Amino acid sequence: MRTKLFFISLLACCTTILSNENIDNTIDLDIEGVNIEEQMLFDERQQNFINSIKEQLEQTKLELNKYKTEAEKNAVIVKNMPKKWNHEVYFGVEQEINSNADWKFLDGSLATSPYVGMFMSKDGSKLLYDFQFLKTYIDDNEEYNRNRFSAGVTYRDSFKLNDSKTGNWGIRVGYRNDSYHWDSMKEQTSASSYSGYIRKGEERNEIWLRPTASLNMTPKIRLNASLSFRFIDRELDYARFGNEYSKTTRDWSNIQEHMIGARYTFDSKNFVSLDYLFVREDLKRTLLNTENFAMLRYFHFFPNRDTLSPYVRIALGNGEQKYYNGVKEVIRVDDVSRPRIGIQYKHNLTPSTSVLLDVYYRPQTINPDNGPKRDENFFLWFAELNHKF
């Protein structure tokens with residue numbers, strides 16, 4: 001009996017051990033199976049995502065290549081397209097009026113000058129071309145005939161400094177022919193005893209050189225500078241040259257006008273400029289003039305882009321004018337003071353057409369070394385019609 005129970009117990013233990021071992025193996029396999037399937041699923045999703053990204057990138061690359069090809073084609077088309085010329089034509093009239101201290105009109109001082117001009121530039125070009133023709137008439141001399149023609153080209157470009165300040169510079173090279181004459185001589189010049197110097201005509205062939213530059217110091221402050229040199233081949237036609245009749249002379253003269261200053265911008269509608277101007281005119285056998293000015297100018301833009309600009313020019317001390325005769329002898333020296341006050345208005349008739357009006361008054365004090373001091377009142381105005389196309 002005892003032996004039988006022992007064998008039964010031994011058989012139960014073995015059955016239990018085997019059963020437990022199968023359960024452990026089953027659990028381990030289940031756990032490992034779950035991890036592998038999830039990892040495989042994750043890897044598959046990841047690969048699908050990567051593949052989708054690759055497909056999107058490839059599609060984007062194809063699109064970019066397509067756009068690049070179209071852009072290159074368009075760039076070639078634009079490059080090969082004929083450049084458009086832009087024109088601005090203007091017509092105007094200018095008038096000078098001079099009177100004495102009592103506002104009495106001085107005979108021969110009313111000069112009226114109609115003129116026409118044009119600016120031209122090409123799309124994408126840094127060159128600007130200009131042309132002008134002017135003719136002058138004097139009130140008391142029907143024979144007076146003055147004509148002036150000028151043409152020039154300006155190169156314009158921008159620059160950037162190391163400290164990121166930006167600016168613009170340019171240079172204009174131009175030519176001007178300015179001539180006047182009248183054929184009749186004054187009665188006094190016909191007398192054999194007359195020994196003065198009376199001109200009946202003049203012709204100037206001028207070369208202009210004008211470099212300019214501006215530098216933006218801040219968004220509101222800009223510095224400006226310009227130099228102007230006029231080299232003049234000047235021929236004078238004398239009705240009487242001392243005791244001689246109808247003599248001509250020819251000399252090189254020059255005129256310089258240099259300016260430096262600054263502009264302050266308050267906002268998009270208002271700014272003001274303050275400049276120093278130096279003027280020196282060296283006209284052989286005629287005049288040597290030197291003057292210094294301070295110029296203040298205010299600009300206001302209206303909502304329709306009309307512009308109002310009052311200005312004033314203040315003489316910095318008296319200027320000096322030396323007058324010469326035909327043999328370059330000084331015949332008179334004047335101290336002059338010629339300040340100026342004026343206003344300019346530009347009205348836009350259409351986006352392409354505008355009218356420009358300008359008038360200034362210049363009180364003149366002239367103190368010659370060989371005569372009495374005198375005061376004069378000088379006015380100049382002009383009106384101009386501009387059209388762009």
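Model, not experiment: these values are computed from the prediction.

Participant: For this particular structure, what's the right way to read the overall build of the protein?
Facilitator: Summing up its helical and strand segments, the protein has one helix and 17 strands in all. For the protein, the proportion of its 389 residues judged to be buried stands at 30%. Within the protein, residue pairs in contact and separated by at least 24 positions form 57% of the contacts whose partners lie at least 6 positions apart. Of the roughly 24,900 Å² of accessible surface on the protein, 59% is carried by carbon and sulfur atoms.

Participant: Is there a simple way to explain the packing of aromatic side chains in this structure?
Facilitator: Describing an aromatic ring pair means giving the distance of the ring centres and the angle of the ring planes. In total, this model carries 14 aromatic pairs according to the counting rule given. Summarising the aromatic geometry, the rings of Trp103 and Phe379 are spaced 6.0 Å apart at their centres and angled 40 degrees between planes, so their arrangement reads as tilted. Of this pair, Trp103 sits in the loop between β1 (85–100) and β2 (111–122) while Phe379 sits in strand β17 (residues 374–388), and the two are 276 residues apart along the sequence. Between Phe271 and Phe299, the ring centres sit 4.4 Å apart and the planes meet at 20 degrees, which makes this aromatic pair stacked. A residue pair is termed long-range when its members are at least 10 positions apart, and Phe271 in strand β10 (residues 270–283) and Phe299 in strand β11 (residues 287–301) qualify at 28 residues. Grouped by ring-pair contacts, the aromatic residues Tyr90, Tyr115 and Phe119 constitute a single cluster.

Participant: Looking at this structure, how should I read the pairing of strand β16 (residues 353–368)?
Facilitator: In summary, the side chains of a regular strand alternate between the two faces of the sheet. Two strands pair when backbone bridges link them, and strand β14 (residues 330–337) and β16 are joined in this way by four bridges, in the antiparallel orientation. Within β16, the position partnered with Ser337 by the bridge is Thr365. Two strands pair when backbone bridges link them, and strand β15 (residues 340–348) and β16 are joined in this way by eight bridges, in the antiparallel orientation. Within the sheet, the bridge partner assigned to Ile341 lies in β16 and is Tyr361. Counted along the chain from β15 to the antiparallel partner β16, the turn is four residues long. Between β16 and the antiparallel strand that follows it, β17, lie five residues.

Participant: Where do I start with the side chain of Asp334 in this structure?
Facilitator: By the element assignment, Asp334 lies in strand β14. Of the polar contacts made by the side chain of Asp334, one reaches the side chain of Arg332; its length is 3.0 Å. If near-sequence neighbours (up to four positions away) are discounted, Asp334 is found in contact with Gly319, Glu320, Gln321, Tyr323, Ile366, Asn367, Pro368 and Asp369.

Participant: What am I meant to see in the pairing of strand β5 (residues 166–181) here?
Facilitator: Pairing analysis gives 16 bridges linking strand β4 (residues 141–160) to β5, with the strands arranged antiparallel. Across the sheet, the residue bridging to Lys160 is Thr166, located in β5. Between the end of β4 and the start of β5, which pair antiparallel, lie five residues, with Ser164 showing a positive phi angle near 75 degrees. Looking at chain direction, β5 and strand β6 (residues 197–216) are connected through 15 bridges and run antiparallel. Following the sheet pairing, Arg172 is matched in β6 by Arg210.

Participant: Quick question: what am I supposed to make of the environment of Tyr175 here?
Facilitator: Note on placement: Tyr175 falls in strand β5. The sequence separation of Tyr175 and Ile232 amounts to 57 residues, and the corresponding C-alpha distance is 9.9 Å. Here Tyr175 is in contact with Phe149, Ser150, Ala151, Asn205, Glu206 and Ile207, once residues within four sequence places are set aside. A distance of 2.5 Å separates a polar atom in the side chain of Tyr175 from a polar atom in the side chain of Asn205.

Participant: I keep staring at the nonpolar core and nothing clicks. Help me out?
Facilitator: Most often, soluble globular proteins keep nonpolar side chains buried together rather than apart. Of all hydrophobic cores here, the largest spans nine residues; its members are Tyr90, Tyr115, Leu134, Tyr311, Leu356, Tyr360, Phe378, Leu380 and Phe382. When contributions to this core are tallied by element, the ones reaching two or more residues are β16 and β17. It is β17 that provides the largest number of residues to this core, a total of three residues. Other than its neighbours up to four places away in sequence, Phe382 contacts Val93, Glu94, Tyr115, Gln344, Leu356, Leu357 and Asp358.

Rules behind the numbers
Residues numbered from 1 in each chain as written. Predicted model: local features only at pLDDT ≥ 70, side-chain atom pairs only at ≥ 80, totals over all residues. Heavy atoms only, no water. Helix = DSSP H or I, 4+ residues; strand = E, 2+ residues; numbered from the N terminus. Buried < 20%, exposed > 50% of the residue type's maximum accessible area, 1.4 Å probe, protein only. Contact = heavy atoms within 4.5 Å. Areas by Shrake-Rupley, 256 points an atom, 1.4 Å probe, with all protein chains shown as cover. Phe/Tyr/Trp six-rings, centres within 6.5 Å; stacked < 30°, edge-to-face > 60°. Pairing = 2+ DSSP bridges. Polar contact = N/O pair within 3.5 Å; in protein donor to acceptor, adjacent residues only side chain to side chain. Core = buried A, V, L, I, M, F, W, Y, C linked by side-chain atoms within 4.5 Å.

Distances and angles like these do not, on their own, reveal function.
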